[in-house]
Amino acid sequence: MQFSHSTVAGRSSCNRDILSVKSKKEISVAANETRRALGDSAARQLANTTKTAPQLLTITPRWLVQLLSWVPVESGTFRVNKVENEQEIEVVCGSRDERQLPDTFVDYVEKPREYTLSAISTIVDVHTRVSDLYSHPHDQIREQLRLTVEKVKERQEFELINNADYGLLKNVAPEFRLAPRTGSPTPDDLDELLSKIWKEPAFFLAHPRAIAAFGRECTRRGVPPPTTVLFGSPFLTWRGIPLIPSDKLTVDGAGKSNILLLRTGEKRQGVVGLFQPGLPGELTPGLSVRFMGIDRNSIASYLVSLYCSAAVLTEDALGVLENVEVGNYHEYQ
């Protein structure tokens, strides 16, 4: 008897299907015979998973905000009064005769600079269905507000350094702007900066890469900078002054950055931060969170606002080493 090609192919396919079904049954039987307890995959259906709160990569320690002295401001305005005739104030010393004493007075600048607090604000929206159903173990509203507040505070530090009006980089007087000797920040450069801001300097402020570049130059010269501990964290120091890192002092496309040196505090006539006290819904000084209501789409809204500024009370409270190169490396023998 002769069979057509299609008939043979059909029988071959049928045989393969039978073998496949048979193999699956054998594997299933074998699995049932060898497993003697509940498996992980099935058991997880009855287990509670331990979950972290949301992690935000961009959060930094914000050392500048912690190290500044903060002054409460009324009506959102801070006026820096200055003396106008410093060189004309006359005094005498050790006079034993009857010569006439000098007449003098202290004149004030008639139109002093005024700083107005700037607002960093945003609105956080949370659907009530989400906050009602999915707030255990982590409260959805609390986490939404916490992460938003962190971003607002990060923006605050950025503005303190880079704002076009009150930012530290924009308010350094020309005579207190220095250039590095060779490109990279060296011990000589920081000594020169200290010679400018010599009245009770508080700290250097620099990008972490700029601090690392300074450390390499110190190591190359055999004078590795000592460290100190602030807020439980180690910091490099130079001449006893800590180098505080902040990524808000940016590095440009050419690999250059700036290093600031500050004197802080109102009594020292230094750099101060400004904030508005007593805000409605105040969470921390100058920062408030207020509930705005629920709209017809069941979305709850929260207003997050932070009011801040900074003021340089005298020109010699702030200096900068400009355009330091942060990408130079050395081979050590």
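Residues numbered from 1 in each chain as written. Predicted model: local features only at pLDDT ≥ 70, side-chain atom pairs only at ≥ 80, totals over all residues. Heavy atoms only, no water.

Participant: Summarise the pairing of strand β13 (residues 287-294); cite the residues concerned and give the values.
Facilitator: One ladder, built from two bridges, connects strand β12 (residues 282-284) with β13; its direction is antiparallel. Bridge assignment links E282 to a residue of β13, and that residue is S288. A loop of two residues connects β12 with β13, the two strands running antiparallel in sequence, and G286 in this loop sits at a positive phi of about 85°. Here β13 pairs with strand β14 (residues 299-312) via seven bridges, running antiparallel. Of the residues in β14, the one forming a bridge with S288 is S305. (Pairing = 2+ DSSP bridges. Helix = DSSP H or I, 4+ residues; strand = E, 2+ residues; numbered from the N terminus.)

Participant: With reference to specific residues and values, describe the sheet that holds strand β8 (residues 233-238).
Facilitator: A sheet is described by the order of its strands in space; here seven strands give the open sequence β5-β15-β10-β6-β9-β8-β7, paired in mixed fashion. Of all strands in the sheet, those with a lone pairing partner are β5 (177-178) and β7 (227-230), marking the two edges. With four bridges joining them, β7 and β8 adopt antiparallel strand pairing. In the sheet register, T228 faces β8, and the bridge partner there is F235. Taken strand by strand, helix α6 (residues 187-196) contacts β5, β6 (203-206), β8, β9 (241-245), β10 (256-262) and β15 (318-325), and its axis lies near 160° from that of β15. (Contact = heavy atoms within 4.5 Å. Axes fitted to C-alpha atoms, helices over the stretch in contact; angles between N-to-C directions.)

Participant: Before we move on, could you go through the pattern of salt bridges and cite the residues and values that matter?
Facilitator: The tally for this structure, following the rule as stated, stands at 17 salt bridges. Across the pair E143 and R146 runs a salt bridge whose closest N-O atoms are separated by 2.8 Å. Of this pair, E143 and R146 both sit in helix α5 (residues 140-162), three residues apart, roughly one helical turn. Under the relative-accessibility criterion, R146 is labelled partly exposed at 30%. (Salt bridge = Lys/Arg side-chain N within 4 Å of Asp/Glu carboxyl O. Buried < 20%, exposed > 50% of the residue type's maximum accessible area, 1.4 Å probe, protein only.)

Participant: Tell me about the environment of K196, and name the residues and values.
Facilitator: Assignment of secondary structure puts K196 in helix α6. A residue is classified by how much of its surface remains accessible, and K196, at 30% relative accessible area, is partly exposed. When residues no more than four places from it in sequence are discounted, the contact partners of K196 are E175, F176 and L178.

Participant: I'd like a rundown of the nonpolar core, residues and numbers included.
Facilitator: Counting residues in each nonpolar core, the largest one holds 68 residues, and the members touching the most others are L64, F78, F204, L205, L260, L262 and L274. Ranked by residue count, the leading element in this core is β14, at eight residues. Among residues more than four places away in sequence, those in contact with L274 are W70, V71, V73, F78, Y115, L117, Y307, C308, S309, A310 and A311. (Core = buried A, V, L, I, M, F, W, Y, C linked by side-chain atoms within 4.5 Å.)

Participant: Lay out the side chain of R216 with the relevant residues and their values.
Facilitator: Its location among the elements puts R216 in helix α7 (residues 208-220). Within the buried core, R216 has no salt-bridge partner, and the shortest N-O distance to an opposite charge, that of E217, equals 5.9 Å. Here V326 takes part through its backbone oxygen, which lies 2.9 Å from a polar atom of the side chain of R216. When neighbours within four sequence positions are excluded, R216 is seen to be in contact with V326, G327, N328, Y329, H330 and Y332. (Lys, Arg positive; Asp, Glu negative; His and termini not counted. Polar contact = N/O pair within 3.5 Å; in protein donor to acceptor, adjacent residues only side chain to side chain.)

Participant: If you had to explain a negative patch on the surface to someone new, which residues and values would you point to?
Facilitator: A cluster of like negative charges, contributed by E84, E88, E90, D103 and E110, occupies part of the molecular surface. According to the relative accessible area criterion, E90 is partly exposed, its value standing at 47%. (Patch = residues over 30% accessible without salt bridge, like charges linked within 9 Å, V, L, I, M, F, W, Y side chains within 5 Å. Areas by Shrake-Rupley, 256 points an atom, 1.4 Å probe, with all protein chains shown as cover. Charge placed at Lys NZ, Arg CZ, Asp CG, Glu CD.)

Participant: I'd love a proper account of the packing of aromatic side chains, names of residues and values included.
Facilitator: This structure, assessed with the given rule, holds four aromatic pairs. With a centroid separation of 5.2 Å and 50° between ring planes, the pair formed by F291 and Y302 is classed as tilted. One end of the pair, F291, is in strand β13; the other, Y302, is in strand β14, and 11 residues separate them in sequence. Assessed through its relative accessible area of 12%, Y302 is described here as buried. Chaining the aromatic ring pairs together yields one cluster made of W63, F231 and F235. If you follow R216 out to its NZ or CZ, it ends over the ring of Y329, 3.9 Å from the centre. (Phe/Tyr/Trp six-rings, centres within 6.5 Å; stacked < 30°, edge-to-face > 60°. Lys NZ or Arg CZ within 6 Å of the ring centre and 35° of its normal.)

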